[in-house]
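Architecture and fold: a report
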Amino acid sequence: MREAAAYAGASAGGVGPTGSLISEAEAEAEAEAAKLLPFLTPGARADLQAAAARHVLALTGSGPGRTLLTGQAALLRALVELAAAPVSAPARDAARALVNLTADPCLHDPLLAAEPGLPARLLNRALDPQCPWAEEAAAVLANLSREPGPCAALMEALGAAEPGESGLERLVQALCTPGYNARAPLHYLGPVLSNLSQRPGTRAFLLDPNRCVVQRLLPLTQYPDSTVRRGGVVGTLRNCCFEHRHHEWLLGPEVDILPFLLLPLAGPEDFSEEEMERLPVDLQYLPPDKQREPDAAIRKMLIETIMLLTATAPGRQQVRDQGAYLILRELHSWEPEPHVRVTCEKLIQVLIGDEPEHGMENLLEVRVPEDVERQLQQLDLQEQEQCKREQQERELASEPPAEGAVPP
């Protein structure tokens, strides 16, 4: 956040050696804010309030516009008030403006300084089944919760739910219940939950066997209508799999997570009868029009999640026994994205390679010497550069020849 503070100071600018000069840009920002502020406050005429909200929304669509608004605490407070108001049209535009502002992590500090209660207020809107702009509220929370400070504030807001009611349970219920809000799809609750699951307290809630939360999330790994929701759920499952003490439960019959991770990676391959018998029932005899997960980032997260489940010797054996190698083998042959293919290769090596020596069976607890870690980081960088070169070559090869060019 030091960089964010420096950026905000630089954009305000204008404090010279005497400490008293105000830049022309800062003066313009103050004047613009002074003009807009009266029309954004409660009690302003509805048509003028709506016009002012649209103007602010337009400003947030560009870098200079967002910079102009950054130092205007009173205007930001008014924007939050309007976003939390029950009036539909101006509130939706105000919420969309907050989506744009929070997309830039450098603006999180000014926003939260102007309105520290922003996460809690937007959480109420996002989980209100009658709120027509709940999706915008969820998108703001998804942006904010990427940073540790706002994420902690959101966790605090979730913990301050009504007595006997878990805020996280309400969030999961809203995410997993079709038609929870008839006027808002709430896809962005997926990334919100994924960001929250970086915190141990959230993972403890999600992995509580008595709550059956993970089991409710699993079907959403193939949710057809939203990449955002699918990606958020897969990211949540990946974060949960860092808790290796729960791997036996996750892979066991009570949860049976592996088929839900492998199915999106599977294509229409026709395996031999012997190979087919090694696969879970849900992965056998898939139709000829079976499509793999179309989003490369989600495919990579799915592979990484399975990789985490292979951290322990029992986990590796369970993943092998369920025929994961067969799905990954075909995926590797099909995969068009170099960086995803490299991730797939690493997992295949874990599955077909020799077991680690005694005392190093848990890959998440192995201490890597600093010099070896540096070498591995260097190899990762080299792999990334190779992937970039392959991607560029593919893009160049797919470009049509220039007009008048002679084909080779």
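For the structure itself, consult the block above.
These numbers come from a predicted model, not from an experiment. (Residues numbered from 1 in each chain as written. Predicted model: local features only at pLDDT ≥ 70, side-chain atom pairs only at ≥ 80, totals over all residues. Heavy atoms only, no water.)

Further remarks concern the overall build of the protein chain. The helix and strand tally for the protein chain stands at 23 helices and zero strands. Taking the intrachain contacts of the protein chain between residues at least 6 apart in sequence as the baseline, contacts between residues at least 24 apart amount to 69%. (Helix = DSSP H or I, 4+ residues; strand = E, 2+ residues; numbered from the N terminus. Contact = heavy atoms within 4.5 Å.)

With that settled, the discussion passes to unusual backbone geometry. Positive phi outside glycine occurs at Leu186, with the angle close to 65°. Tracing the backbone through its elements, the reader meets Leu186 in the loop between helix H11 (167–176) and helix H12 (189–196). Leu186 sits in the buried class, given a relative accessible area of 1%. Phi angles above zero are rare outside glycine, and Cys212 is one such case at about 55°. (Buried < 20%, exposed > 50% of the residue type's maximum accessible area, 1.4 Å probe, protein only.)

On to helix H8 (residues 118–126), then. Listed as buried for H8 are Leu118, Pro119, Leu122, Leu123 and Ala126. With its buried residues spanning 125° around the axis, H8 presents them on a single face. (Arc of directions from axis to C-beta.)

Bringing the pattern of salt bridges into the picture now. Tallied over the full model, the rule gives 18 salt bridges. Here Glu81 ties to Arg121 by a salt bridge, and the two come within 2.8 Å at their closest N and O atoms. On the criterion of sequence distance, the pair formed by Glu81 in helix H5 (residues 73–83) and Arg121 in helix H8 is long-range, its members being 40 residues apart. For Arg299, the salt bridge goes to Glu335, with nearest N and O atoms at 2.7 Å. Here Arg299, found in helix H19 (residues 296–309), pairs with Glu335, found in the loop between helix H21 (324–334) and helix H22 (338–352); they are 36 residues apart in sequence, far enough to count as distant. Judged on exposure class, the residue Arg299 and its partner Glu335 are both buried. Sharing partners across several salt bridges, the network here consists of Arg92, Asp93, Arg96 and Glu136. (Salt bridge = Lys/Arg side-chain N within 4 Å of Asp/Glu carboxyl O.)

Generally speaking, soluble globular proteins have nonpolar side chains that are buried together. Judged by nonpolar contacts, the single largest core of 106 residues is most densely connected at Leu98, Leu189, Leu196, Leu250, Ile257 and Leu328. Once residues lying within four places of it in the same chain are set aside, the contact partners of Leu196 are Cys151, Leu154, Met155, Leu158, Leu168, Leu171 and Thr202. (Core = buried A, V, L, I, M, F, W, Y, C linked by side-chain atoms within 4.5 Å.)

The next thing to look at is the packing of aromatic side chains. Under the definition given, this model contains zero aromatic pairs. Sitting over the ring of Tyr223, Arg229 keeps its end group 4.8 Å from the ring centre. (Phe/Tyr/Trp six-rings, centres within 6.5 Å; stacked < 30°, edge-to-face > 60°. Lys NZ or Arg CZ within 6 Å of the ring centre and 35° of its normal.)

It is worth spelling out a negative patch on the surface at this point. Together, Asp270, Glu273, Glu274 and Glu277 make up a region of like negative charge exposed at the surface. In this fold, Glu274 is placed in helix H18 (residues 273–278). On the basis of relative accessibility, which here comes to 63%, the residue Glu274 falls in the exposed class. (Patch = residues over 30% accessible without salt bridge, like charges linked within 9 Å, V, L, I, M, F, W, Y side chains within 5 Å. Areas by Shrake-Rupley, 256 points an atom, 1.4 Å probe, with all protein chains shown as cover. Lys, Arg positive; Asp, Glu negative; His and termini not counted. Charge placed at Lys NZ, Arg CZ, Asp CG, Glu CD.)

As a further point, take the packing of helix H9 (residues 134–144) against H12. Two elements in contact, H9 and H12, have axes separated by 8 Å at closest approach and are oriented at 25°. Between H9 and H12, the interaxial angle falls into the category roughly parallel. Between H9 and H12 lies a crossing whose hand is left-handed. For the pair formed by H9 and H12, the contact residues are Ala138, Leu141 and Ala142 on the first element and Leu189, Pro191, Val192 and Asn195 on the second. Its residues placed into classes, the contact of H9 with H12 shows six nonpolar, one polar and no charged. (Axes fitted to C-alpha atoms, helices over the stretch in contact; angles between N-to-C directions. Parallel < 35°, antiparallel > 145°, perpendicular 65-115°, else oblique. Left-handed = near helix turned anticlockwise from the far one by under 90°. Nonpolar A, V, L, I, M, F, W, Y, C, P; charged D, E, K, R; others polar.)

Attention shifts here to H12. Summarising burial for H12: eight of the eight residues are buried, a large majority. Of all the positions in H12, only Leu189, Gly190, Pro191, Val192, Leu193, Ser194, Asn195 and Leu196 are classed as buried.

Looking now at the environment of Pro259. Tracing the backbone through its elements, the reader meets Pro259 in helix H17 (residues 258–262). Take Pro259: its relative accessible area is 3%, and that puts it in the buried class. For the pair Pro259 and Leu218, spaced 41 residues apart in sequence, the C-alpha to C-alpha distance is 9.6 Å.

Attention now goes to the packing of H11 against H12. When two helices pack together, their arrangement is given by the angle between their axes and by how far apart the axes lie. Running from N to C, H11 and H12 point in directions that differ by 145°, and their axes come no closer than 10 Å. Here the hand of the crossing between H11 and H12 comes out left-handed. Facing H11, whose interface residues are Leu168, Leu171, Val172, Ala174 and Leu175, H12 presents Leu189, Gly190, Val192, Leu193 and Leu196. Class assignment for the residues of the contact of H11 with H12 results in nine nonpolar, one polar and no charged.

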